[in-house]
Amino acid sequence: MKQPTVSIILLNMNQPALTLACIDSLQKVTYPNVEIIVIDQNSSDNSVELLSQLQNVHFIASKENLGFTGGNNLGMQKANGDFYLLLNNDTEVAASFLEPMVMALSSDPKAGAASPLIRFYNNPEFIQYAGGPDKIDLIKGKNSWKGWQTATLTDLKSIEKTSAAHGAAFMIKKSAATEIGLLDDNFFIYFEEIDWSLRITRGGQSILFVPQAEVYHKESMTMPKEHPFRVRMMARNRILLSRKHLPGFQFIRSILYVTLISFPMNCMRYLIRRKISLLTAYTKGFFQGAFNLPYTTI
């Protein structure tokens, strides 16, 4: 019987070296039925020239930066696979990482998505993701991945249901994506994987953590943690996520928490550190989220 096709989608924007390293690791995988799709997000360097010449890679050059959501949505729309794997270009993979995830999803008709064990590339003995949080906190808009910065756990042997898949390596069945819809473009980047995970589980399907599959993540290589755009989008999308998934009274609680506690604390933190550009970005993101504005406004 022919094995299901996995469409692996990578986004690139002015980072051809990272993308090429990721593709090099993907070309060594042992799973036989894979297509690699690379979406270039209107790079201004030599990315298109380098990546468009790759063999066995479906290359698409977008004329604009569509964000994490739009870029991956474009990739899924062009994909031919039975499974879609959204994979960050700042990752490298273990050669046998696909078989456990394909088997796990294929053998469980109620499972819609899965993520592998994700380790830090530069310190692979430490874990970035070993499953979603026990509870997604939509009031505070804060979520922590299981296993975060812990040493290798000895009990990571069994596939288990989890609350959320990780955006760095998010595998979803084509049938699940068709049923619940693609990524929400309003997020553009950040918290979109939590939104997608909530839509999957609330639609009656489960998400699996598959520890036998391993991916190595070069964390924050695509964008530094204190980049103003990242700070702004994280502030905005925390509120957007709560607005989308909390009923009226609980959303009011969330807004009160963010306004009275989170907002002043973060503003003070940036002021004390004299990070005025981050303070400005955070303030913009807060107001964009609070008033449900597109990220391009203000």
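Residues numbered from 1 in each chain as written. Predicted model: local features only at pLDDT ≥ 70, side-chain atom pairs only at ≥ 80, totals over all residues. Heavy atoms only, no water.

## Side note on helix H3 (residues 67-78)
Its 12 residues give H3 an end-to-end C-alpha distance of 17 Å, which sits within 8% of 16 Å, the value for a rise of 1.5 Å per residue. Buried residues dominate H3, accounting for 10 of its 12 residues. Of all the residues in H3, the buried ones are Gly67, Phe68, Thr69, Gly70, Gly71, Asn72, Asn73, Leu74, Gly75 and Met76. The secondary structure elements touched by the buried residues of H3 are strand S1 (6-12), strand S2 (34-41), strand S3 (57-62), strand S4 (83-87) and helix H6 (192-202). (Helix = DSSP H or I, 4+ residues; strand = E, 2+ residues; numbered from the N terminus. Expected span 1.5 Å × (residues − 1). Buried < 20%, exposed > 50% of the residue type's maximum accessible area, 1.4 Å probe, protein only. Contact = heavy atoms within 4.5 Å.)

## A few points about unusual backbone geometry
Although it is not a glycine, Asn14 sits at a positive phi angle of roughly 60 degrees. Relative to the elements of secondary structure, Asn14 occurs in the loop between S1 and helix H1 (16-26). In this model, Asn56 sits at a positive phi of 60 degrees, which is unusual for a non-glycine residue. Locating Asn56 in the fold gives a position in the loop between helix H2 (47-51) and S3.

## A word on the packing of aromatic side chains
Using the criterion set out here, one finds 13 aromatic pairs in the structure. A ring pair is formed by Phe120 and Trp148, whose centres lie 5.4 Å apart and whose planes are at 70 degrees; its orientation type is edge-to-face. Here Phe120 is found in strand S6 (residues 111-120), whereas its partner Trp148 is found in the loop between strand S7 (127-129) and strand S8 (160-162), with 28 residues between them in sequence. Residue classification places Phe120 among the buried residues on the basis of a relative accessible area of 12%. Ring geometry for Tyr270 against Tyr282: centres 6.0 Å apart, planes inclined by 55 degrees, an arrangement best described as tilted. On the criterion of sequence distance, the pair formed by Tyr270 in helix H8 (residues 248-272) and Tyr282 in helix H9 (residues 276-290) is long-range, its members being 12 residues apart. (Phe/Tyr/Trp six-rings, centres within 6.5 Å; stacked < 30°, edge-to-face > 60°.)

## Let's talk about H9
Taking 1.5 Å as the rise per residue, H9 with 15 residues should run 21 Å; its terminal C-alpha atoms sit 21 Å apart, in good agreement. Turning to H9, its buried residues number three or more, namely Leu278, Leu279, Ala281, Tyr282, Gly285, Phe286, Gln288 and Gly289. Looking at the buried residues of H9, the elements they touch are helix H7 (228-245) and H8. In the stretch just after H9, Asn292 is the one whose phi turns positive, near 55 degrees.

## Description of the pattern of salt bridges
Per the counting criterion, the structure on display carries eight salt bridges. The salt bridge involving Arg119 is made with Glu214; its shortest N-O contact spans 3.1 Å. Linking Arg119 in strand S6 with Glu214 in strand S10 (residues 206-217), this pair joins segments that are 95 residues apart in sequence. Neither residue differs from the other here; Arg119 and Glu214 are each classed as buried. A salt bridge links Asp184 to Lys244; the shortest N-O distance between them is 2.7 Å. With a gap of 60 residues between them, Asp184 in the loop between helix H5 (174-180) and H6 and Lys244 in helix H7 connect regions that are remote in the sequence. (Salt bridge = Lys/Arg side-chain N within 4 Å of Asp/Glu carboxyl O.)

## Examining the packing of H7 against H9
Running from N to C, H7 and H9 point in directions that differ by 20 degrees, and their axes come no closer than 7 Å. Judged by the angle between their axes, H7 and H9 are roughly parallel. Note on packing geometry: the crossing formed by H7 with H9 is right-handed. Of H9, the residues touching H7 (which contributes Pro228, Val231, Arg232, Ala235, Arg236, Ile239 and Arg243) are Ser277, Leu278, Ala281, Tyr282, Lys284, Gly285, Phe286, Gln288, Gly289 and Ala290. Per-class residue counts for the contact of H7 with H9 are nine nonpolar, four polar and four charged. (Axes fitted to C-alpha atoms, helices over the stretch in contact; angles between N-to-C directions. Parallel < 35°, antiparallel > 145°, perpendicular 65-115°, else oblique. Left-handed = near helix turned anticlockwise from the far one by under 90°. Nonpolar A, V, L, I, M, F, W, Y, C, P; charged D, E, K, R; others polar.)

## Points about empty space enclosed by the protein
Within this structure, the stated rule accounts for one cavity of 30 Å³ or more. If you add up the space inside the largest cavity, you get close to 30 Å³. Residue lining of the largest cavity: Asn186, Arg236, Leu240, Gln288, Gly289, Asn292 and Leu293, and that is the complete set. For the lining of the largest cavity, the secondary structure elements donating two or more residues are H7 and H9. Classifying every residue of the lining of the largest cavity gives two nonpolar, four polar and one charged. (1 Å grid on protein atoms, 1.4 Å probe; cavity = no way out; pocket = protein on both sides within 12 Å on 5 of 7 lines; lining within 4 Å. Points joined across faces, edges and corners; volume = space filled by probe spheres on them.)

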